[in-house]
Amino acid sequence: MRIFKSLDELKAAKGEHLGYSDWRQITQEQVNLFADATDDHQWIHVDVERAKEGPFGGTIAHGYLSLSLLPSLVKEIYRVEGLRLGINYGLNKVRFPRPVPVGSRVRAGAEILDVKDTPNGTLTTLKVTLFVEGDEKPACVAETLSLLVPQT
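Since the structure is predicted, the reported quantities are computational estimates derived from the model, not experimental observations.

A.B. asks: Please explain the pattern of salt bridges as it appears in this structure.
C.D. replies: Side chains that differ in sign of charge can pair as their charged atoms come close. One pass over the full model with this rule turns up 10 salt bridges. One salt bridge connects Lys 14 with Asp 114, and the closest N-O pair in it is separated by 3.2 Å. Pair noted here: Lys 14 is in the loop between α1 (7-12) and β2 (17-20) and Asp 114 is in strand β6 (residues 105-118), with a separation of 100 residues, a long-range link. Each of Lys 5, Arg 79 and Glu 81 takes part in one network of salt bridges that share partners.

Here's what the structure looks like:
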């Protein structure tokens, strides 16, 4: 966990790789709950028996499930002190280069691409990469935007 004492310290780290989260296992229960929440019950995600014969040899996590894990994984990588709040502000780019098999473990790495002041707070752009344990090719690569609002 990298801890920045201020937004100025964070700004000074622009261009740096901040490290990695812990590994987290992807379960079929998570995938099923995500399918229920999003109404995406495609068989490659939820039909364990059919998916064994499918293109991935088993069920896989939804790409958007993988993406939705990034904020909680990034919280394990770094923190900025002295904030009133941090808001997910959006995404610039998202790619899913490989599937995430159910039962696999994933972790994220984060790199600061940009940090700039705005009238509403400090806008950060991170390149967050999600890896599946044992595979060098990433499962998700996203440029995430966060608005960090300092305490006043």
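There is more to say after this.
A.B. asks: Which parts of the structure should I look at to understand the packing of aromatic side chains?
C.D. replies: For any pair of aromatic rings, the description consists of the separation of the ring centres together with the inter-plane angle of the planes. Inspection of every chain in the model, using the stated rule, returns three aromatic pairs. For the ring pair Tyr 64 and Phe 96, a centre distance of 6.1 Å and an interplane angle of 85° mean the geometry is edge-to-face. On the criterion of sequence distance, the pair formed by Tyr 64 in helix α5 (residues 63-74) and Phe 96 in the loop between β5 (83-95) and β6 is long-range, its members being 32 residues apart. Classification of Phe 96 as partly exposed rests on a relative accessible area of 37%. Above the face of the Tyr 20 ring, Arg 107 is positioned so that its terminal group lies 4.2 Å from the ring centre.

A.B. asks: Honestly, the layout of surface pockets in this entry has me stumped. Any pointers?
C.D. replies: Where empty space is left becomes clear once a probe the size of a water molecule has been rolled over the atoms. The space that makes up the largest pocket amounts to roughly 540 Å³. Elements supplying a minimum of two residues to the lining of the largest pocket: α5, β4 (78-80), β5, β7 (121-132) and β8 (140-150). The dominant element in the lining of the largest pocket, judged by the number of residues it contributes, is β5, at seven residues.

A.B. asks: Before we go on, may I ask you to explain the side chain of Thr 124 in this structure?
C.D. replies: Along the chain, Thr 124 falls in strand β7. The contacts of Thr 124, once residues within four sequence positions are left out, are Leu 10, Tyr 78, Asp 114, Val 115, Thr 144, Leu 145, Ser 146 and Leu 148.

Cut-offs used in this document
- Residues numbered from 1 in each chain as written.
- Predicted model: local features only at pLDDT ≥ 70, side-chain atom pairs only at ≥ 80, totals over all residues.
- Heavy atoms only, no water.
- Salt bridge = Lys/Arg side-chain N within 4 Å of Asp/Glu carboxyl O.
- Helix = DSSP H or I, 4+ residues; strand = E, 2+ residues; numbered from the N terminus.
- Phe/Tyr/Trp six-rings, centres within 6.5 Å; stacked < 30°, edge-to-face > 60°.
- Buried < 20%, exposed > 50% of the residue type's maximum accessible area, 1.4 Å probe, protein only.
- Lys NZ or Arg CZ within 6 Å of the ring centre and 35° of its normal.
- 1 Å grid on protein atoms, 1.4 Å probe; cavity = no way out; pocket = protein on both sides within 12 Å on 5 of 7 lines; lining within 4 Å.
- Points joined across faces, edges and corners; volume = space filled by probe spheres on them.
- Contact = heavy atoms within 4.5 Å.

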